[in-house]
Amino acid sequence: MATSRELDAKNYLEKHKILELMDNLTSMLFFHRPERPCEFLITQLEKLKLARTTSRDYPCLFNESNLEAIFGILDPTRQGYITLGQYKEALNTIGLKQVDAFPQGADYNRITLETFKKETKDGLIKSSATFKS
């Protein structure tokens with residue numbers, strides 16, 4: 001059974017999204033592999049702070065061309081859509097949990113590139129918005 005101190009620590013970490021923040025920073029560090037990791041982390045934290053105060057986009061590993069490439073892999077015959085199952089699996093692979101489980105096109109089992117990009121960007125913003133004061 002957890003002690004009062006352990007529960008306080010757990011609540012603190014959850015309230016301030018510390019684990020999510022560290023996970024995002026670590027992912028960015030491994031992805032970019034900068035020569036000066038401390039300076040890189042400071043810059044990322046400054047970007048997070050600026051994004052929070054100005055409603056700008058949060059730092060993220062995926063850009064539009066990355067999302068188009070992922071969609072292209074899932075739609076090799078260029079039908080212009082992927083299935084709902086492919087959509088869910090792709091977002092799960094990217095690590096997105098807070099997404100619309102039934103986006104536009106789900107009723108017909110056809111998720112377009114535009115819907116995929118919109119839902120993925122929304123999910124990435126939610127998962128990257130880990131800075132909390």
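Now for a quick tour of the structure. (Residues numbered from 1 in each chain as written. Predicted model: local features only at pLDDT ≥ 70, side-chain atom pairs only at ≥ 80, totals over all residues. Heavy atoms only, no water.)

Some details on the side chain of Thr120
Okay, step 1: Positionally, Thr120 belongs in helix 6 (residues 113-128).
Okay, step 2: Discounting residues that sit within four places of it in the chain, Thr120 has contacts with Leu67, Leu91, Ile94 and Leu96. (Helix = DSSP H or I, 4+ residues; strand = E, 2+ residues; numbered from the N terminus. Contact = heavy atoms within 4.5 Å.)

Observations concerning helix 1 (residues 4-15)
Okay, step 1: Taking 1.5 Å of rise per residue, the 12 residues of helix 1 would be expected to cover 16 Å, and the 16 Å separating its terminal C-alpha atoms lies within 8% of that figure.
Okay, step 2: Looking one or two places after helix 1, you find Lys17, whose phi comes out positive at around 55°. (Expected span 1.5 Å × (residues − 1).)

Let's talk about the packing of aromatic side chains
Okay, step 1: A complete count under the given rule lists one aromatic pair for this structure.
Okay, step 2: Both rings, one in Phe71 and one in Phe116, keep their centres 5.7 Å apart while their planes meet at 50°; by these two values the pair is tilted. You can see Phe71 sitting in helix 4 (residues 64-74) and its partner Phe116 sitting in helix 6, a full 45 residues away along the chain. Neither Phe71 nor Phe116 differs from the other in exposure class; each is buried.
Okay, step 3: Directly above the aromatic system of Phe102 lies the positively charged group of Lys88, at a separation of 4.4 Å from the ring centroid. (Phe/Tyr/Trp six-rings, centres within 6.5 Å; stacked < 30°, edge-to-face > 60°. Buried < 20%, exposed > 50% of the residue type's maximum accessible area, 1.4 Å probe, protein only. Lys NZ or Arg CZ within 6 Å of the ring centre and 35° of its normal.)

Quick look at the pattern of salt bridges
Okay, step 1: Under the defined criterion, the tally for this structure stands at eight salt bridges.
Okay, step 2: With its nearest N and O atoms 3.5 Å apart, the salt bridge here joins Arg36 to Glu39.
Okay, step 3: Judged by its relative accessible area of 56%, Arg36 is exposed.
Okay, step 4: As a salt-bridge pair, Lys118 and Asp122 come within 2.8 Å of each other at their nearest N and O atoms. Of this pair, Lys118 and Asp122 both sit in helix 6, separated by four residues, roughly a single helical turn.
Okay, step 5: Connected via shared salt-bridge partners are Glu64, Glu68, Glu114, Lys117 and Lys121. (Salt bridge = Lys/Arg side-chain N within 4 Å of Asp/Glu carboxyl O.)

Quick notes on the nonpolar core
Okay, step 1: With 14 residues, the main nonpolar core has Ile82, Tyr87, Ile111 and Phe116 as its most contacted residues.
Okay, step 2: Of all the elements in the fold, those that place two or more residues in this core are helix 4, helix 5 (84-94) and helix 6.
Okay, step 3: Of all the elements, helix 5 adds the most residues to this core, at five residues. (Core = buried A, V, L, I, M, F, W, Y, C linked by side-chain atoms within 4.5 Å.)

Points about the packing of helix 2 (residues 18-32) against helix 3 (residues 37-54)
Okay, step 1: As a packed pair, helix 2 and helix 3 sit with axes 11 Å apart at the nearest point and diverge in direction by 130°. Looking at the two axes, helix 2 sits oblique to helix 3. In the packing of helix 2 onto helix 3, the handedness of the crossing is right-handed. Here Leu21, Leu25, Met28, Leu29 and His32 of helix 2 lie close against helix 3, whose contacting residues are Pro37, Phe40, Leu41, Gln44, Leu45 and Leu48.
Okay, step 2: Considered class by class, the residues forming the contact of helix 2 with helix 3 number nine nonpolar, two polar and no charged. (Axes fitted to C-alpha atoms, helices over the stretch in contact; angles between N-to-C directions. Parallel < 35°, antiparallel > 145°, perpendicular 65-115°, else oblique. Left-handed = near helix turned anticlockwise from the far one by under 90°. Nonpolar A, V, L, I, M, F, W, Y, C, P; charged D, E, K, R; others polar.)

What to know about unusual backbone geometry
Okay, step 1: Positive phi, normally seen in glycine, also occurs at Arg33, with a value near 45°.
Okay, step 2: Mapped onto the elements, Arg33 comes out in the loop between helix 2 and helix 3.
Okay, step 3: For Arg78, which is not glycine, the phi torsion reads 55° and is therefore positive.
Okay, step 4: By secondary structure assignment, the location of Arg78 is in the loop between helix 4 and strand 1 (81-82).
Okay, step 5: A relative accessible area of 75% means that Arg78 is categorised as exposed.

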